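Structural characterization, general
Next come the chains, spelled out residue by residue.
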Amino acid sequence: MRIYAIGDIHGQLDMLKAAHARIEADKARVGDTDARVIHLGDYVDRGPDSAGVIQYLMDGIAAGKPWRTIRGNHDRMFTRFVRHGIAHDDHIKSGKSWLHPALGGPDTLASYGVEAVDGEFELAHMRAAKAVPEAHLEFIEKAPLTYAWGNYLFVHAGIRPRVPVEHQTEDDLIWIREGWLDYHGFLPYTVVHGHTALDVPTHFGHRIDIDSGAGYGRPMTAMVIENGVEEVVTETGRAPLFHAKPA
């Protein structure tokens, strides 16, 4: 009957726990402890405790919580660096490496006790490979790219319009903006996504963006969908989503 979703987390463990507390209070109010909670990715980077976020999610799922996780672009940058020392991604048009402070890689590694400096890739990779638990890497790498529920599709960044889900590329699902954010045509489902930070979670008709900028210190969004109605879960109850004006 209902499902919950949490936008981009970016190492903000306290915000994540608070979002779950709001959801648990809403679940208690409606008497549905089994409703699933979908996390839309970007568990790492920028915030102070990426390692804690991953462990918290792992522990909750291991304890039987009805939580699901989807992989984001920052999560892939993290695992690629730790596994292979890959510091750059072609989707970063500025050319900044994952170890640039703007992307947040150093914050993630610091949460594992690793000091990293942009440009010192080999040293940082060596230290990270020793410090990051294998279980954390596997948790991210095994996370799916999409989650379907009824007429809704949950994904980190978005989709390539007019391409069936089974033919979507990983790069599009975790990185897409161009050709997606400006698309106003028909979709066979409502897409719930993050990746593009907004001041407030916003309903655009065919898509709902719930990345409200937790990676930049802004609030983290928790949303509920019940009987086709999408709302924000706040400390005082449910509130309507902001609806963008039609293009």
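Residues numbered from 1 in each chain as written. Predicted model: local features only at pLDDT ≥ 70, side-chain atom pairs only at ≥ 80, totals over all residues. Heavy atoms only, no water.

1. Let's talk about the pairing of strand E9 (residues 222-226)
Quick reminder of the rule: Each residue's exposure class comes from its accessible area (1.4 Å probe, protein chains only) as a fraction of the maximum for that residue type: buried when under 20%, exposed when over 50%, partly exposed otherwise. Strands here are runs of E lasting at least two residues and helices are runs of H or I lasting at least four, both read from the DSSP assignment and numbered beginning at the N terminus. Two strands qualify as a pair provided DSSP detects at least 2 bridges between them.
With five of its five residues buried, E9 lies for the most part within the structure. Covered by surrounding structure in E9 are Ala222, Val224 and Glu226 together with Met223 and Ile225, the residues of both alternating faces. In this structure, E9 lies alongside strand E10 (residues 229-234), joined through four bridges in antiparallel fashion. Within the sheet, the bridge partner assigned to valine 224 lies in E10 and is glutamate 231. What sits between the antiparallel neighbours E9 and E10 is a turn of two residues, in which asparagine 227 has the positive phi angle 50 degrees.

2. Digging into the pairing of strand E4 (residues 146-149)
Relative to strand E5 (residues 152-155), E4 runs antiparallel, the two being bridged by four bridges. From the neighbouring strand, threonine 146 faces E5, where its bridge partner is valine 155. From the end of E4 to the start of E5, which pair antiparallel, there are two residues, and glycine 150 there has a positive phi angle of about 60 degrees.

3. Here's the deal with the pattern of salt bridges
Definition in use: The rule for a salt bridge is simple: a side-chain nitrogen of Lys or Arg has to be within 4 Å of a carboxyl oxygen of Asp or Glu.
Here the structure, examined in full by the defined rule, presents 16 salt bridges. Arginine 2 serves as the salt-bridge partner of glutamate 226, at 2.8 Å between the closest nitrogen and oxygen. Within this pair, whereas glutamate 226 is found in strand E9, its partner arginine 2 is found in strand E1 (residues 2-6), the two being separated by 224 residues in sequence. On the basis of relative accessible area, glutamate 226 is assigned to the buried category, the value being 15%. Among the residues examined, arginine 2 registers a relative accessible area of 9% and is labelled buried.

4. A closer look at unusual backbone geometry
With a phi angle near 55 degrees, aspartate 42 is a residue other than glycine that sits in the positive phi range. Topologically, aspartate 42 is positioned in the loop between strand E2 (37-39) and helix H2 (50-62). Of note, histidine 195 is a non-glycine position whose phi angle comes to about 75 degrees, a positive value. As for its placement among the helices and strands, histidine 195 is situated in the loop between strand E6 (190-193) and strand E7 (202-203).

5. Focus on the sheet that holds strand E11 (residues 237-240)
Rules: As a rule, the C-alpha atoms of each element are fitted with a line to give its axis, helices using only the stretch in contact, and angles between N-to-C directions run from 0 to 180 degrees. A contact between two residues is defined here by any heavy atoms of the two lying within 4.5 Å.
The strand order E3-E2-E1-E9-E10-E11 describes an open sheet built from six strands, whose pairing is mixed. The outermost strands of the open sheet, each flanked by one partner alone, are strand E3 (67-69) and E11. Neighbour to neighbour, the strand axes of the sheet diverge by 30 degrees on average, direction disregarded. Against the sheet, H2 touches E2 and E3, its axis set at about 135 degrees to E3.

6. Concerning the nonpolar core
Across soluble globular proteins, you tend to see nonpolar side chains buried next to one another. Under the convention used in this document: The definition of a nonpolar core used throughout is a set of buried Ala, Val, Leu, Ile, Met, Phe, Trp, Tyr and Cys residues joined through side-chain atoms within 4.5 Å.
Ranked by internal contacts, the top residues of the largest apolar core, which has 56 residues, are Ile6, Ile54, Phe78 and Ile159. At six residues, the largest contribution of residues to this core is made by H2. Among residues more than four places away in sequence, those in contact with isoleucine 54 are Tyr43, Val44, Phe78, Tyr112, His136, Phe139 and Ile140. In terms of nonpolar packing, the next biggest core, distinct from the first, is built from 15 residues, Leu40, Tyr147, Tyr152 and Val232 among them.

7. Focus on the side chain of histidine 39
Considering the arrangement of structural elements, one finds histidine 39 in strand E2. Overall, the relative accessible area of 0% leaves histidine 39 in the buried class. Those residues within four positions of histidine 39 in sequence are excluded, and the remaining contacts are Ile6, Ile9, Leu16, His20, Leu57, Trp67, Arg68, Thr69 and Ile70.

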